[in-house]
Every structure is written in C-alpha cells, then in structure tokens.
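Topology and contacts: notes
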Amino acid sequence: MKNWLVKHQEFFKNYGFDIDQREGSDYDGYSCYVEIDWPPHLVVSVHVVEPAFRPYKYIGIDCLGDGGDENDRLYYDDDNWEDWSPSQVLKHLDAFKDFLESYVKKYEHRR
C-alpha cells in the first residue's frame, strides 16, 4: 500500500487530495489504513489488513462522494476470492485511482 501511494503521490498532490496514513498492529493483526479526502466533496478510506473477521479478507475500499450514488464506490475482496494476489489488489487500487481522477475532473468546478 505504501509503495502504491508513493507511486501515485504526484497524482494526489496535483489534484489537492489530503492523505492521512496510519499503520500498526491491533487485535486484527497488522493493519494499514489510508484516508484520502478531496474536501469537501469526497471521502475515501482504504484499509489493508491481515485476514480477520470483517466483510473483506485483505482490503476494503469505501468511497463517499457528493455527486450522487453513482459516485459512491465500494470494493471488498472476500474469503472466497480464490484468485487473490497482490497484483489483483494493485489492479483494483489503480482502477480506483482512475475513478478518483474522473471524479475530480467532473466536479472540480465546484471547489
């Protein structure tokens, strides 16, 4: 996750996203949590964790935008996802970055 953020840091900087990243261990094991905001119009949380009991196995992405329901995005892998691999998660993160870019381009006039 950290490498993905570093890879796209210019993107986030250019579009004015606020990023808060935390990592550590808790009752779920190792956890990396990133909040990506485009205030006041978009709030995103990305949570990467070791397997535990939750709606997802390794990664969850929640996004809430004020452009209507079609702009809300959720992505969770699950325990039945047999083809899970780091490259699959990175593909979903890259697709999510593309969504963020299209969202900002569509709604940047409202800032």
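Presented here is an overview of the structure given in this document. For clarity, every value in this text was computed on a predicted model and none was experimentally measured.

Bringing the overall build of the protein into the picture now. On a plain count of helices and strands, the protein comes out with 3 helices and 5 strands. Sequence-ordered secondary structure for the protein, helices as α and strands as β, is α-α-β-β-β-β-β-α. Counting every position in the protein, which comprises 111 residues, the buried fraction comes to 38%. Looking at the protein alone, contacts between residues at least 24 apart form 34% of all its contacts between residues at least 6 apart. Surface accessibility of the protein: about 6700 Å² in total, with carbon and sulfur atoms responsible for 51%.

With respect to the helices, strands and loops of the structure, His8 is situated in the loop between helix H1 (2-7) and helix H2 (9-14). Residue classification places His8 among the buried positions, given a relative accessible area of 11%. Every residue in contact with His8, bar those within four places of it in the chain, is listed here: Asp94 and Lys97.

Of all hydrophobic cores here, the largest spans 25 residues; its most connected members are Phe12, Phe17, Leu42, Val44, Val46, Ile61 and Leu100. Mapped by element, the contributors of at least two residues to this core are H1, H2, strand S2 (29-38), strand S3 (42-49), strand S4 (59-65) and helix H3 (86-107). The residues contacting Phe12, other than those within four sequence positions of it, are Trp4, Leu5, Phe17, Ile19, Ile36 and Leu100.

What counts, and where the lines are drawn
Residues numbered from 1 in each chain as written. Predicted model: local features only at pLDDT ≥ 70, side-chain atom pairs only at ≥ 80, totals over all residues. Heavy atoms only, no water. Helix = DSSP H or I, 4+ residues; strand = E, 2+ residues; numbered from the N terminus. Buried < 20%, exposed > 50% of the residue type's maximum accessible area, 1.4 Å probe, protein only. Contact = heavy atoms within 4.5 Å. Areas by Shrake-Rupley, 256 points an atom, 1.4 Å probe, with all protein chains shown as cover. Core = buried A, V, L, I, M, F, W, Y, C linked by side-chain atoms within 4.5 Å.

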